[in-house]
Amino acid sequence: MVKCHFDKVLILKKKTNNKNEKTKKQEICSHYAQQGWLYFNGSFYYISSITKSWQDSRDDCLQRGAVLAIISNTEEQEFIRLQQKVMWIGLTDRETEGVWKWVDETPMTASFWYSGEPNNFNGRNEDCVVINHNYDYENNWNDAACENLNFWLCEKDM
Ligand code: 2F8
Ligand code: CA
């Protein structure tokens, strides 16, 4: 069975759980790991191997019972940056220009824009957010046209 490396909080929680719960969590984790999902801090992540538009990527995640990734804090941003792949995430301002919202309707609080972004480059309508190629930088989000084809990142809570 594939073992998942649970974070410290989860390990502490597990101590108080009964054995069945522990086994169940490990089984869920093993199931997703076998399908290529990565585990980090209570969530599973799926990185696509083909490219799609932002909307098609979003639909794909929904079909997998997940959402386009929602980045809540620096640790999660760091985990995603280390994957070193240009990928759509679940952030857009397509409803109201300049008002960035996650796909679960929550407003953007923490943000990790690359220097100069978001910029609607060359007057283009860049309403969707992609992890860009500047993996050396903590801040590496870029706004890009939603019709562009990119890999994408789904996230599912455990
Ligand atoms: O220089 C930043 C700029 O780089 C690209 O345009 C040349 C990006 N375009 C795409 O990813 C399609 C811009 O979004 C980005 O701001
Ligand atoms: Ca841009």
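Refer to the structure above for everything that follows.
Residues numbered from 1 in each chain as written. Chains lettered and ligands numbered in written order. Predicted model: local features only at pLDDT ≥ 70, side-chain atom pairs only at ≥ 80, totals over all residues. Heavy atoms only, no water.

**Student:** What exactly am I supposed to notice about the packing of aromatic side chains here?
**Tutor:** Any two aromatic rings considered together are summarised by their centre-to-centre distance and by the angle between their planes. Counted under the stated rule, the structure contains eleven aromatic pairs. On the numbers, 5.7 Å between centres and 90° between planes, the contact of tryptophan 102 with tryptophan 141 is edge-to-face. Of the two residues, tryptophan 102 sits in strand S5 (residues 101-102) while tryptophan 141 sits in strand S7 (residues 141-144), which places them 39 residues apart along the sequence. Accessibility expressed as a relative area gives 4% for tryptophan 102, which makes it buried. With relative accessibility at 0%, the residue tryptophan 141 sits in the buried group. The interplanar angle of 70° and the centroid separation of 5.5 Å between the aromatic rings of phenylalanine 112 and tryptophan 141 together place this pair among those described as edge-to-face. In this pair, phenylalanine 112 is assigned in the loop between S5 and strand S6 (128-131) and tryptophan 141 in strand S7, connecting sequence segments 29 residues apart. Summarising the burial analysis for this pair, phenylalanine 112 and tryptophan 141 share the class buried. Ring-pair connections join several aromatic residues into one group, and the members of that group are Tyr32, Trp37, Tyr39, Phe44 and Tyr46. For the cation-ring pair, arginine 64 lies above tyrosine 46, with the distance from its terminal atom to the ring centre recorded as 3.8 Å. When the ring centre of phenylalanine 151 is taken as reference, the NZ or CZ atom of lysine 85 above it lies at 4.0 Å. (Phe/Tyr/Trp six-rings, centres within 6.5 Å; stacked < 30°, edge-to-face > 60°. Helix = DSSP H or I, 4+ residues; strand = E, 2+ residues; numbered from the N terminus. Buried < 20%, exposed > 50% of the residue type's maximum accessible area, 1.4 Å probe, protein only. Lys NZ or Arg CZ within 6 Å of the ring centre and 35° of its normal.)

**Student:** Before we go on, may I ask you to explain the site of ligand 1 in this structure?
**Tutor:** In the vicinity of ligand 1, the residues found are Glu117, Asn119, Phe121, Glu126, Asn142, Asp143 and Asn148. Within the side chain of asparagine 119, one N or O atom sits 2.8 Å away from an oxygen atom of ligand 1. Taking asparagine 142, its side chain carries an N or O atom lying 3.0 Å from an oxygen atom of ligand 1. Notes on ligand 1: free accessible area 400 Å², of which the protein chains cover 54%. In the shell around ligand 1, the residues fall into one nonpolar, three polar and three charged. (Near = heavy atom within 4 Å. Polar contact = N/O pair within 3.5 Å; in protein donor to acceptor, adjacent residues only side chain to side chain. Areas by Shrake-Rupley, 256 points an atom, 1.4 Å probe, with all protein chains shown as cover. Nonpolar A, V, L, I, M, F, W, Y, C, P; charged D, E, K, R; others polar.)

**Student:** Help me understand the state of the cysteines in this model?
**Tutor:** Put plainly, two cysteines are in a disulfide when a covalent bond ties their sulfur atoms together. Tallying each qualifying case throughout the model produces two disulfides. At a sulfur-sulfur separation of 2.1 Å, the disulfide partner of cysteine 61 is cysteine 154. Its S-S torsion of approximately -90° makes the covalent link between cysteine 61 and cysteine 154 left-handed. On the criterion of sequence distance, the pair formed by cysteine 61 in helix H3 (residues 54-63) and cysteine 154 in strand S8 (residues 151-157) is long-range, its members being 93 residues apart. In terms of burial, cysteine 61 and cysteine 154 fall into one category: buried. (Disulfide = S-S within 2.5 Å.)

**Student:** What exactly am I supposed to notice about the nonpolar core here?
**Tutor:** Side chains of a nonpolar character, in soluble globular proteins, are inclined to be buried together. Of all hydrophobic cores here, the largest spans 36 residues; its most connected members are Ile71, Ile80, Trp88, Ile89, Leu91 and Trp141. Those elements giving two or more residues to this core turn out to be helix H2 (19-34), strand S2 (43-47), H3, helix H4 (74-81), strand S4 (87-92), S6, S7 and S8. Taken domain by domain, this core gets at least three of its residues from each of domain 1 (1-34) and domain 2 (38-157). (Core = buried A, V, L, I, M, F, W, Y, C linked by side-chain atoms within 4.5 Å. Domains from an automatic or database assignment.)

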